[in-house]
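What the coordinates show
Now for the letters of each chain:
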Amino acid sequence: MKIIGWDIGGAHIKAAKIDFKKKKSETKQIYSPIWKNTNNLKKSIKLIKKKLGKSNYHAITMSAELSDVFLDRSDGVKYIINLSSKILGDKKIFFYSKKNFITKEIALKNTSVLNSMNWHATANFISRFFPNCILVDIGSTTTDIIPIKNKKIISKGSNDHQRLKSNELIYLGVLRSPIHAVEKKKNLIYENFANLSDVYRVLNKIPIKFDLSPTQDNKSKNKHDSARRIARIFGKDYKKTHFLKWEKTAFEIEKKQKKFLKKSINKIKKRNFSKEIPIIGAGVGEFLLKNIFKRKNYFSFYSKINHIKKSTAINCEAAISTAIILNSFLERKESKSRYNSI
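Below is a summary of the structure that appears in this document. (Residues numbered from 1 in each chain as written. Predicted model: local features only at pLDDT ≥ 70, side-chain atom pairs only at ≥ 80, totals over all residues. Heavy atoms only, no water.)

Quick look at the overall build of the chain
- A count of helical and extended segments in the chain gives 11 helices and 12 strands.
- Its C-alpha radius of gyration of 20 Å places the chain within 12% of the 20 Å reference for a compact globule of 342 residues.
- Overall, the C-alpha framework of the chain stretches about 75 × 50 × 40 Å when taken along its three principal axes.
- Per-residue burial for the chain yields a buried fraction of 53% across its 342 residues.
- Long-range contacts, defined as pairs at least 24 residues apart, comprise 62% of the intrachain contacts of the chain with a sequence gap of at least 6. (Helix = DSSP H or I, 4+ residues; strand = E, 2+ residues; numbered from the N terminus. Rg over C-alpha atoms; globule rule 2.2 N^0.38 Å. Buried < 20%, exposed > 50% of the residue type's maximum accessible area, 1.4 Å probe, protein only. Contact = heavy atoms within 4.5 Å.)

Quick word on the side chain of Asn272
- With respect to the helices, strands and loops of the structure, Asn272 is situated in helix H8 (residues 243-272).
- For Asn272, a relative accessible area of 16% corresponds to the buried category.
- Those residues within four positions of Asn272 in sequence are excluded, and the remaining contacts are Pro147, Lys149 and Ile154.

With respect to the layout of surface pockets
- The volume enclosed by the largest pocket comes to roughly 690 Å³.
- In this structure, the largest pocket is lined by 31 residues; those nearest its centre are Gly10, Ser63, Thr141, Thr142 and Tyr171.
- Breaking the lining of the largest pocket down by element, the ones donating at least two residues are strand S2 (12-19), helix H4 (118-126), helix H5 (160-165) and helix H11 (317-341).
- With 3 residues, H4 is the single largest residue contributor to the lining of the largest pocket.
- Of the residues contributing to the lining of the largest pocket, the split by class is 9 nonpolar, 13 polar and 9 charged.
- Volume-wise, the second largest pocket comes out at about 390 Å³.
- Forming the walls of the second largest pocket are Leu172, Ala181, Val182, Lys184, Lys185, Lys256, Lys259, Phe260 and Lys263. (1 Å grid on protein atoms, 1.4 Å probe; cavity = no way out; pocket = protein on both sides within 12 Å on 5 of 7 lines; lining within 4 Å. Points joined across faces, edges and corners; volume = space filled by probe spheres on them. Nonpolar A, V, L, I, M, F, W, Y, C, P; charged D, E, K, R; others polar.)

Let's talk about the sheet that holds strand S1 (residues 2-8)
- Strand order in the open sheet made by the 6 strands is S3-S2-S1-S4-S5-S6, with mixed pairing throughout. Looking at strand neighbours, the two that pair on one side only are strand S3 (24-31) and strand S6 (101-102), the edges of this open sheet.
- Relative to S2, S1 runs antiparallel, the two being bridged by 7 bridges. Paired with Ile8 across the strands is Ile13, a residue of S2.
- Contacts from helix H1 (residues 39-52) reach S1, S2 and S3 within the one sheet, and its direction differs from that of S3 by about 155 degrees. (Pairing = 2+ DSSP bridges. Axes fitted to C-alpha atoms, helices over the stretch in contact; angles between N-to-C directions.)

Observations concerning unusual backbone geometry
- Backbone geometry places Asn204, a non-glycine residue, at a positive phi of 60 degrees.
- Following the sequence through the fold, Asn204 ends up in the loop between helix H6 (196-202) and helix H7 (223-233).
- Accessibility expressed as a relative area gives 66% for Asn204, which makes it exposed.
- Unlike most non-glycine residues, Asn218 shows phi in positive territory, near 60 degrees.
- When you line up the elements, Asn218 lands in the loop between H6 and H7.

Encoded structure:
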């Protein structure tokens, strides 16, 4: 059985192909700014499908329906359902919802159950290995903080609006988020000169192959151009001889983001647990978590997966989870069918 899991986001498309018989996997991700043109989505799905090759089934979760290119979320979900079904095949595609996987026909009638379910898919998978924990997924744009208790996802919020109110969804990542989302006490220029990707390029924290978003000025991603963009936010001009100063500034911004993350995570931990529980890290910004929590209480999403290399799959956690969960779903379905035929 070969399944490709898809996490269709508004800025990036991530996919994971898993061969469950051979225990082999391959991941692909591509920068795809859907808000600029929906053709980017079409091209990206086609390109990834071509690169990953044939599969038996496709499992899809999404958050791209949030993009302002769509009239509303329902419109976005329907567009993604129809487009992905057309490219990948109606009979081979399943869509992830909290309760179950659903087919295209059912999905089109129940679009609300598909809205931004990528976080739930990742947590659903992790609950198999860590019955009591908090999953923290730090992506390019957002951070998900998801409590899991007795193998159940116990998030206070069930949709984006509720999760924002409960601080379980924070619009703060490590690539596309503006610097002023973290650095609030300075007199900054509120222009799109730089973002947090520049901070973490200066600190050499983002692997080049996962740094897919373009820079704000369309210049290079080297440390000096990144420092120059940061300097502009502070109303300063940049010289290479000043790099160490801006490296120190970048370090201070990272420190503030980690402090904010720790406070947010501990708040949710205190609300849901009376004892110490593991923190599970995922996403391109997972590096922030490693220094916050003690090793004995911290685990990577990939710590329980032997056949998937973390070094090649960072940020594809929802896609991986969706593929694995669909495989289990189909196995149960086949087993039930055989039982009923006896």
